[in-house]
Amino acid sequence: MSNSPFQLSSLTRREALDRLCVGFGGLALNAMLFHESKAQAGTAPWHFPPRAKRVIFLFMHGGPSHVDLFDYKPNLEKYNGQALPFPERKVQFAKRGNLMQSPWSFRKVGQCGHWMSELWQHLPKVADDICMLNSLCETNVAHGGACMKLHTGNESLLRPSLGSWVSYGLGTENRNLPSFVTICPTSLHGGVDNFGAAFLPGEHQGVALGTQGYPNTLAKNARFHYVEENSPKDRSVQELQLRLLNQLQTQKTMQSEGKRELETRLKSFELAFRMQTEAKEATDISGESQSTRKLYGLNEPETENFGHQCLLARRLAERGVRFIQVSHAHSLPFNNEQWDQHSHLEKGHSVNVRQIDKPITGLIMDLKSRGMLDDTLVLWGGEFGRTPSVQAGDGPVGRDHHPDGFSMWMAGGGVKGGMRYGATDDFGYHAVQDRCTIHDLHATLLHLMGLDHERLTYNHLGREFRLTDVSGYVAHKILA
Amino acid sequence: MRLLCSNIIVWCAIAISHITLADDRHWSFEAPETPSLPAVKDAFWAKQPTDLFILQRLEALELSPSARADKATLLRRVWLDLLGIPPSQQALTAFLQDTSEQAYLRMIDALLASPHYGEKWGRHWLDVSRYGDSNGGDENHPYPHAFRYRNWIIDAFNEDMAYDQFVQAQLAGDLVSWGDEHTLAGTGFLAIGTKILAEQDPVKKRADIIDEQLDTLGRAFMGLSIGCARCHDHKFDPISERDYYALAGIFYSTDIEDLEVKTPEGVLQKSIWQRQIEDLDQRISKAEIQLSNFRNIGQTREWQAEDFDRGNVIIDREQYGKEIGIIGDPGAQDNFVEYDLSVKDEHISILELRYAAKTARPGKILLDGNPVFENAVSATTGGWFPENQKWIIEGILELKSGEHVLRIESKPLMSHIDRIRLISVSDPEEALASIQQIKRLTKEREALASNHPEQPKVMGVSDGSIQNVRLNIRGNPHQLGEEIQRRFPLEIGKFEHPIVDADSSGRLELAKWISSRHHPLTARVFVNRVWHWHFDSGLVDTPDNFGTTGQAPSHPELLDWLTTDFIRHGWSIKHLHRRILLSSVYQLSSVSLNQTAEKKDPSNRLYWKKNMRRMDAETFRDALLAVSGSLNANAHLKKPIDVKAQDPSSEDLDKNRIAYESFPHRTVYLPVVRSHIYDLLALLDFPNATAPIGKRSLTTVPTQALMMFNSPFVKEMAKQTNRRVLHSSKANASRLDELYRILFSRHPSEKERTACLELVSKTSELLEEAQAWETLCHVLMISNDFIYVQ
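What you see is a predicted model, and the numbers here were worked out from it, not measured in a lab.

Some points on the overall build of chain A
A tally of helices and strands in chain A yields 12 helices and 18 strands. With 480 residues in all, chain A has 58% of them scored as buried. Looking at chain A alone, contacts between residues at least 24 apart form 74% of all its contacts between residues at least 6 apart.

Here you go:
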């Protein structure tokens, strides 16, 4: 046993100070550099060249039905009303009935021929930019566990969220804005933990634009917390206050490293002061042109809210925010969660697609025309899919939660547009080809960002933690 | 033969223990012994034996400790450290005036006796026991009784409960022989953790909850990460997968429950209530017997409610009507059901319905279109399910010969009706009198039953069905291996382990094992925690990890000396505080003028000065309340204020914020809503209450600064402080003196005075004078001088 205090292995106070933030994520970058320098001296924070510099995650809360949207199964028509020919999973959320065909017809779209149901009126325009993932597979059948798995890689324990890992790994491109912003998040099913930093340093936590709530905040009311609408007079007063804080500090004759801690705090005040201006500008869409507004559907009541969210996402992406989540997470009159159509499948999914179809298509087209789609990864998906069978019960029909095989898609940032990856069985039940778990999805996403999910680690309570725990395979086939 | 035996023994030893501890046992797994005191050159410097260990190391490196802090600094330091609030003006004056040698000692004794001590130090322990008032994770249901555990912790610190008993109560407060009715509350420790309540797989859910209990108790009491051994032998510490499931069996034999606290008054109240209920029951059954005298049982007509002739209700045979079949409603409609009755001879009958209703869902009963019972189907039976079904008398019907239609109606939502019967009666008048009596008494009983005398409850544990568990292969609770006897980890604390009795869970034995004076970790881990909370750096600076991946102690002999001294003094926490607070090292100045020391030990691992430290979240909030004169210093032992934990809307969150901001008591009494920690606290690194936290993180981010600038609460506190200051004097200079005394327990320097007054004069050009002063109060209250304690 060593008796010398100078041979202690973990963080000293000084090293801990290095993890204090000056700006959002700024020092995390340094920390990464420091970590990396041990392995490969003098390399960039990336483990390999990044294909995407930022992520826009379009989160569909409640569980969109893959067999009604993107995963065409003729067998559901053929065997409509008949029993599934193999046993159901053991742990179920609700009781299921027989197979049910989709109320919508499917057609092939784009040059690539992606299958999309007729619900999609706009998305086919960008079909060739989309890399369809038909083989997501997970285990948890409840919203809470499944949402936490999707957002944090763990379905029950508090872990850092995907966005916070990305922020920790890469920091931000704009020190006056947070590196991870979540637009209009829901307070359900993990709530703030789904964009939290858990044990990662606090600056990597997702900052909510619009208070998390259920139902979530409307985009037009979305503000950053504590960023006030200051009058010029308020600003002058704050400037004087800031000056005094600095004056009081210079009174001290300190030589210790405690001085650094105090200076860091003073710097954080200066940054906050600047951020008030920058954040306000970033979220103010009044300068956007009529054609842009139309592109996102801001002129139509049904698409106005989600279109506004998507437009905010693009504005933040332009300003160097590293990870942006957009949540489609309102409630419907007949289902508690946006995409959770246990009943009223037809009505619910029609409304839901109408709300997002044009805005998402607009977002992809807009990113493309601005030359940003190449290094912006767009990810679309929910916490699970829905059963190919009908949910037992009265009233207008719906489908139950289904994690065993479901669909998501990616676009831009280094993925092959027009490609279809993986497949479910003939009934859309199990993912059978190129199965992709959430760990695999996370590993792939980090890879696209230039990060190796096995090397992006953080030591907490004596253990090196990863987003992907002890699992995760990169889906190399989808990389452009 | 002999050779064979020893071979087997060797093989077993390898098989059982992944980590073998033959020669180089990790320091923390060996029981501490009292080391002899080291010799030092400057023995006069030492005020406590502990100082000798510190000084010895400093002298060895030719370093000298910094000077003693001045009295005002020391006062502010100790108040914030022990009570979590800044010193009052009177305390400052009194302490500065008391020039006797005993002044400091007297102050320490007074503070340790203050009820605010438990509020501050209980909160430290609540970090370790991951205290929360909701389940967190996926759905966040409130834990309505968790706060009694919090209150118990505060009391335990104030009463200086011996730490070994403190440990025992939290693991087995329901079983310890020395306990009283309050000790049960301690078991909240095992109950209040996060749980995924919506987990659809009950086997996994149980396994996850037990894993959380094991991991928490391991880290909290022993600084060991037991949870690592759920799926495989611990990679770094000597805890095997078998050890894990041996402990898990103890918790599979334990149930988490809301338990009534049996106070004498409560027990008496309940027995009176019970007697009244029994009395009513007797009177009801008497009236029923009377009624039965008039019943012509032979002429009973009885049928299934679901055999209706017309109706729009649903028939349920799966859930509420499982195995019996009931009628209920699909919701959102006016319900009706009709039965055609054919009556041969005119007669009078009692109409009875058999139904289940947890809450009253009254309807109407009509005969041939005429209402006969206006407030029908209005009884409650204790639940919605088949086992709650009861026959309820509706009243008396006159039935003429011929065809009739009996109709039951209800607004949306209907009781679950199973059967209907008509019993003809011989003496209608007498029967009616009995029926009315029964109805009156039943109503009386219902009212009394719903007025159940509320017994205080705690969220705790009790022994359940006693069992060993089978090893979960690779941690999968559905893949079972061999059965493991309940016992304690073989390689930890190798003194005589208590034997787990076959008829008990083993929790009491576990509590005794962990709190044994021979256990190498328990006392050491706690002593180190206390040291850490006083100095902001632990002798072992990984206070939750004493395993092989944790840090080695900077002063191992000091840690062992303090530990054995702590046990010798009856595990008294207040004794431990005195040892530390009365030492020279605690009283050092935090101002560093020592270049050599800065160079040789920049991180101050040798304690040559006192570390300056930032107020924690609750100290900051409490300090703002205190300096502004807004603090209600009384304990708030009642149920925590109501904030919405589950699925809050943004309006709910606004309401929650207002509830938090207008709460005048100390922060420890605010509810800890997991996933929605009050943002002022969360921004200042308040823990998220999911795992034991012995050392909080310390982040400095612009969102904190934005909060400091713009929070309505902080601004309001500045306004209130300003009122105090403006009131004190008309002269700027003495106002500023007053403000500095309130905030910093000192006078401003000349430079500070100039800078502050300049701010006032400049802002006065923009704002009213009172507001200008408010601006100054605000900025000083968020300044480093306020938030950093020297």
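Section: the overall build of chain B
Tallying secondary structure elements over chain B gives 27 helices and 17 strands in all. Over its C-alpha atoms, taken along the principal directions, chain B stretches across nearly 115 × 100 × 45 Å. When each of the 790 residues of chain B is scored for burial, the buried share is 49%. Relative to all contacts within chain B whose residues are 6 or more apart in sequence, the contacts with residues 24 or more apart total 72%.

Focus on the domain arrangement of chain B
When cut into domains, chain B gives domain 1 (31-113 + 521-603), domain 2 (162-261 + 456-519), domain 3 (295-425) and domain 4 (613-789). The C-alpha-based centres of domain 3 of chain B and domain 4 of chain B are spaced at 63 Å.

Quick notes on the sheet that holds strand 3 (residues 310-311) of chain B
Residue and element names in this part refer to chain B. Taken in spatial order, the five strands line up as 3-6-11-8-9 in an open sheet, and their pairing is antiparallel. In the strand order of this sheet, the two ends are held by strand 3 and strand 9 (370-376), each with one partner. Pairing between strand 3 and strand 6 (residues 335-343): two bridges, direction antiparallel. The residue bridging G311 from the neighbouring strand is V337, located in strand 6.

Quick word on the interface of chain A and chain B
In this assembly, 70 residues from chain A lie in contact with 71 residues from chain B. Counting residues per element, the side of chain A that touches chain B draws most heavily on helix 7 (residues 232-250) of chain A, which supplies 11 residues. A class-by-class count of the residues in the side of chain A that touches chain B yields 32 nonpolar, 29 polar and nine charged.

Observations regarding unusual backbone geometry
All names here are of chain B. Within the chain, W571 stands out as a residue other than glycine whose phi angle is a positive 55 degrees. Examined against the element boundaries, W571 turns out to sit in the loop between helix 16 (556-568) and helix 17 (573-581). For W571, a count of 22 C-beta atoms within 10 Å gives the class buried.

Let's talk about helix 8 (residues 163-172) of chain B
Most of helix 8 of chain B is tucked away, with 10 of its 10 residues classed as buried. Those residues of helix 8 of chain B that are buried are in contact with helix 7 (147-158), helix 9 (188-191), helix 10 (202-222), helix 14 (507-514), helix 15 (522-535) and helix 17 of chain B.

What about the sheet that holds strand 13 (residues 406-412) of chain A?
Pairing between the strands of a sheet is mediated by backbone hydrogen bonds and can be parallel or antiparallel. All names here are of chain A. With mixed pairing, the eight strands of this open sheet are ordered in space as 7-6-8-1-9-13-5-14. In the strand order of this sheet, the two ends are held by strand 7 (207-209) and strand 14 (420-421), each with one partner. In this sheet, strand 7 lies alongside strand 6 (residues 180-183) in parallel orientation, the contact comprising three bridges. The partner of V181 across the bridge, within strand 7, is V207.

Concerning the packing of helix 15 of chain B against helix 16 of chain B
Residues and elements named next belong to chain B. Running from N to C, helix 15 and helix 16 point in directions that differ by 110 degrees, and their axes come no closer than 9 Å. Regarding the angle of helix 15 to helix 16, the classification is roughly perpendicular. In this structure, helix 15 uses A523, R524, V527 and N528 to contact helix 16, whose residues at the interface are L559, L562, T563, F566 and I567.

Structural notes on the environment of D234 of chain A
Relative to the helices and strands, D234 of chain A is located in helix 7. C-alpha separation for the pair D234 of chain A and G371 of chain A, spaced 137 residues apart in sequence, amounts to 39 Å.

Considering the environment of G63 of chain A
All names here are of chain A. If you trace the backbone, G63 turns up in the loop between strand 1 (54-60) and helix 3 (66-69). Taking the C-alpha atoms as reference points, G63 and H402, 339 residues apart in sequence, are found 8.0 Å from one another. Sequence-distant contacts of G63, defined by excluding residues within four places in its chain, comprise W339, D340, G382, E383, F384, G385, R386 and H401.

Regarding the pairing of strand 12 (residues 416-425) of chain B
All names here are of chain B. With respect to burial, strand 12 is a largely interior element, eight of its 10 residues being buried. In this sheet, strand 12 lies alongside strand 7 (residues 347-356) in antiparallel orientation, the contact comprising eight bridges. Looking at the pairing, I350 lines up with I423 of strand 12.

With respect to the confidence of the model for chain A
On average, residues of chain A score 84 in pLDDT, and 89% of them reach the 70 mark or higher. Every residue in residues 1-43 of chain A scores below 50 in pLDDT, and together they form 76 contacts with partners more than four places removed in sequence or on other chains.

Some points on the nonpolar core
Counting 275 residues, the largest nonpolar core has V55, L58, C131, A313, I324 and L379 of chain A together with Y149 of chain B as its most contacted members. With sequence-adjacent residues up to four places away left out, I324 of chain A is seen in contact with V55, I56, V181, I183, A313, L316 and A317 of chain A. The next biggest cluster of nonpolar side chains, apart from the first, holds 33 residues, and it includes F308, V337, Y355 and V425 of chain B.

Digging into the confidence of the model for chain B
All names here are of chain B. Residue-level pLDDT values for chain B average 89, and 96% of them are 70 or greater. At the low end of the mean pLDDT range in chain B sits helix 1 (residues 2-16), at 31; at the high end sits helix 6 (residues 115-128), at 98. Low pLDDT, under 50, characterises residues 1-23; the stretch is placed with 13 contacts to residues that sit more than four places away or in other chains.

Section: the environment of Q338 of chain A
Residues and elements named next belong to chain A. Tracing the chain through its elements places Q338 in the loop between strand 8 (323-328) and helix 11 (345-369). For Q338 and T186, which are 152 residues apart along the polypeptide, the C-alpha to C-alpha distance reads 11 Å. Beyond its immediate sequence surroundings of up to four residues, Q338 is in contact with H61, G62, H328, A329, H330, S331, L332 and N352.

Conventions adopted
Numbering of residues starts from 1 in every chain and runs along the sequence as written. Throughout, the order in which chains and ligands are written sets their labels, letters from A for the former and numbers from 1 for the latter. Totals for whole chains, interfaces and linings use every residue, but because this is a predicted model, local features are given only for residues with pLDDT of at least 70 and side-chain atom pairs only at 80 or more, for both listing and counting. Note on conventions: DSSP H or I runs of at least 4 residues are helices, E runs of at least 2 residues are strands, and numbering of each starts at the N terminus. For the exposure call, what matters is how many other C-beta atoms sit within 10 Å of a residue's own: 20 or more marks it buried, 12 or fewer exposed, and in between partly exposed, using C-beta atoms placed from the backbone. Any two residues are considered in contact once their C-beta atoms, placed from the backbone, lie within 7 Å. A domain assignment, automatic or from a database, supplies the domain bounds used here. Here, any two strands with at least 2 DSSP bridges between them count as paired. When residues are sorted by character, Ala, Val, Leu, Ile, Met, Phe, Trp, Tyr, Cys and Pro go into the nonpolar class, Asp, Glu, Lys and Arg into the charged class, and all the rest, Gly among them, into the polar class. Only the stretch in contact is used when a helix axis is fitted, and all axes are lines through C-alpha atoms; the angle between N-to-C directions ranges over 0 to 180 degrees. Note that the term roughly parallel is reserved for angles under 35 degrees, roughly antiparallel for angles over 145, roughly perpendicular for angles of 65 to 115, and oblique for everything else. Each residue gets a pLDDT score, which is the predictor's confidence in that residue and runs from 0 to 100. Each nonpolar core consists of buried Ala, Val, Leu, Ile, Met, Phe, Trp, Tyr and Cys residues. Their C-beta atoms, within 7 Å, join them into a set.

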